[in-house]
Amino acid sequence: MKRAERHHALVDLLRAARRPWSAARLAAHFEVSSRTIERDIASLQQAGVPLYADRGAAGGYSVLREYSLPPLNLSAAESLAVLAGLALLESSPYQAAARRAHAKIAAVVDEAHRAPVEELLGRMRVVDAVAGAGAAVPRTVLSDVIAARRVVRLTYLGEDGATTTRDVEAMGLLRAGDAWLLAGWCRLRDAVRGFRTERITQLQVLDEVAPVRDPALWEADLARWSTRPLTGPAPDAVQRVGGASGGPRHPRRGR
């Protein structure tokens, strides 16, 4: 995370916090040193951000809750939906951005709604996909790869336990059941394939920008099961293309 981004995230986190955060806790959260946090706090204070320190065993840093509050008027149900939706992205390639957005929304939830919203969120649980043995690729790298349309060389652990290395032209992301998949044109199979992110054990971003592929190739593969884009509200009925065989089909995994 860049310094400016960390400054914004730090302020949002403290605005949403119910209690002060110590420098050590902030350092662990942002994966930097306590000294870096102290410098960040000093820089923000010099810029006019109303940060202050509480002394004592339960002390730490806080910020005035009224500082630069945006005009956000969400109902309790809307606040719950937004915060729950962002929390679902915790295991996605957009984890870091979702955490920052979550902190911003949580900081401005109406006080009358805060307690019931937090209570309901506390009752929700998510069962995420279990990472395969040796999986070590940060999911956040994938969002940058897709945005830049880069070719990646990945090592993939198949469901049969076999490991393959292949070059893939990143095309998009899929959410299938409990897993996120990196979808792209696999040069090993010469076809569109989906790779469960927790089974990607190594990933090298190549200098090559992926060539423009016919969109019909992507759409034809998607047509094999039920999908919907995230460009707007979900339709009343999920689009179903490719037969009426009952349940939705699953994407072709990286074979």
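Residues numbered from 1 in each chain as written. Predicted model: local features only at pLDDT ≥ 70, side-chain atom pairs only at ≥ 80, totals over all residues. Heavy atoms only, no water.

Some words on the overall build of the chain
Reasoning step 1: Within the chain, the regular secondary structure consists of eight helices and seven strands.
Reasoning step 2: A buried classification covers 38% of the 255 residues belonging to the chain.
Reasoning step 3: Long-range contacts, defined here as pairs at least 24 residues apart, represent 59% of the contacts in the chain between residues at least 6 apart.
Reasoning step 4: Looking at the chain as shown, the accessible area adds up to about 14,900 Å², and 53% of this sits on carbon and sulfur atoms. (Helix = DSSP H or I, 4+ residues; strand = E, 2+ residues; numbered from the N terminus. Buried < 20%, exposed > 50% of the residue type's maximum accessible area, 1.4 Å probe, protein only. Contact = heavy atoms within 4.5 Å. Areas by Shrake-Rupley, 256 points an atom, 1.4 Å probe, with all protein chains shown as cover.)

Observations regarding unusual backbone geometry
Reasoning step 1: Not every positive phi belongs to a glycine, and glutamate 31 is a case in point at roughly 60°.
Reasoning step 2: As for its placement among the helices and strands, glutamate 31 is situated in the loop between α2 (23-30) and α3 (34-46).
Reasoning step 3: On the accessibility criterion, glutamate 31 (72% relative accessible area) is exposed.

Let's talk about the sheet that holds strand β5 (residues 179-186)
Reasoning step 1: With antiparallel pairing, the five strands of this open sheet are ordered in space as β6-β5-β4-β3-β7. The sheet is open, and its two edges are formed by β6 (191-196) and β7 (200-209), each paired on a single side. With direction set aside, neighbouring strand axes in the sheet form an average angle of 45°.
Reasoning step 2: Here strand β4 (residues 163-176) pairs with β5 via eight bridges, running antiparallel. The partner of alanine 176 across the bridge, within β5, is alanine 179.
Reasoning step 3: Contacts from helix α7 (residues 140-147) reach β3 (150-157), β4, β5 and β7, with the element oriented near 85° to β4. (Pairing = 2+ DSSP bridges. Axes fitted to C-alpha atoms, helices over the stretch in contact; angles between N-to-C directions.)

Re the nonpolar core
Reasoning step 1: If you look at the biggest cluster of nonpolar residues, it comprises 18 residues, and the most contacted ones within it are Leu10, Leu14, Leu26, Phe30, Ile37 and Leu51.
Reasoning step 2: Counting only elements with at least two residues in this core, the list comes to α1 (3-16), α2, α3 and β2 (60-63).
Reasoning step 3: Element by element, the count of residues in this core is highest for α1, at five residues.
Reasoning step 4: Apart from the residues lying within four places of it in its own chain, the contact partners of leucine 14 are Trp21, Leu26, Leu51, Tyr61 and Val63. (Core = buried A, V, L, I, M, F, W, Y, C linked by side-chain atoms within 4.5 Å.)

Comments concerning the pairing of strand β1 (residues 51-54)
Every other side chain in a regular strand lies on the same face of the sheet, so the side chains alternate between the two faces.
Reasoning step 1: Relative to β2, β1 runs antiparallel, the two sharing four bridges. When the sheet's bridge partners are listed, leucine 51 is paired in β2 with valine 63.
Reasoning step 2: Hairpin connection, β1 to β2: the antiparallel pair is bridged by five residues, and glycine 56 has positive phi, about 105°.

Quick word on the environment of alanine 87
Reasoning step 1: The topology assignment puts alanine 87 in helix α4 (residues 76-88).
Reasoning step 2: Taking the C-alpha atoms as reference, alanine 87 lies 9.4 Å from leucine 121; in sequence the two are 34 residues apart.

Some details on the confidence of the model for the chain
Reasoning step 1: For the chain, per-residue confidence averages 81 on the pLDDT scale, and residues scoring 70 or more make up 84% of the total.
Reasoning step 2: With pLDDT under 50 throughout, residues 235-251 is counted as low confidence; its partners more than four residues away or in other chains account for 24 contacts. (pLDDT = per-residue confidence, 0-100.)

Considerations on the packing of α1 against α3
Reasoning step 1: The interhelical angle for the contact between α1 and α3, taken along N-to-C directions, is 80°, at an axis separation of 11 Å. Here α3 runs roughly perpendicular to α1, going by the angle between their axes. Contacts between α1 and α3 involve Arg3, Arg6, His7, Leu10 and Val11 on the former and, on the latter, Thr36, Ile37, Asp40, Ile41, Ser43 and Leu44.
Reasoning step 2: Across the contact of α1 with α3, the residue classes break down as five nonpolar, three polar and three charged. (Parallel < 35°, antiparallel > 145°, perpendicular 65-115°, else oblique. Nonpolar A, V, L, I, M, F, W, Y, C, P; charged D, E, K, R; others polar.)

Some remarks on helix α5 (residues 95-107)
Reasoning step 1: Counted at 1.5 Å a residue, the expected span for α5 with its 13 residues is 18 Å, and the 18 Å between its end C-alpha atoms agrees.
Reasoning step 2: Of all the positions in α5, only Ala98, Ala103, Ile105, Ala106 and Ala107 are classed as buried.
Reasoning step 3: Residues of α5 that are buried in the fold lie against α1, α4 and α6 (111-122). (Expected span 1.5 Å × (residues − 1).)

Considering the environment of arginine 199
Reasoning step 1: Tracing the backbone shows arginine 199 in the loop between β6 and β7.
Reasoning step 2: Placed 18 residues apart in sequence, arginine 199 and leucine 181 show a C-alpha to C-alpha distance of 9.5 Å.
Reasoning step 3: Among the polar contacts made by the side chain of arginine 199, one reaches the main-chain carbonyl oxygen of glycine 158 at a distance of 3.3 Å. (Polar contact = N/O pair within 3.5 Å; in protein donor to acceptor, adjacent residues only side chain to side chain.)

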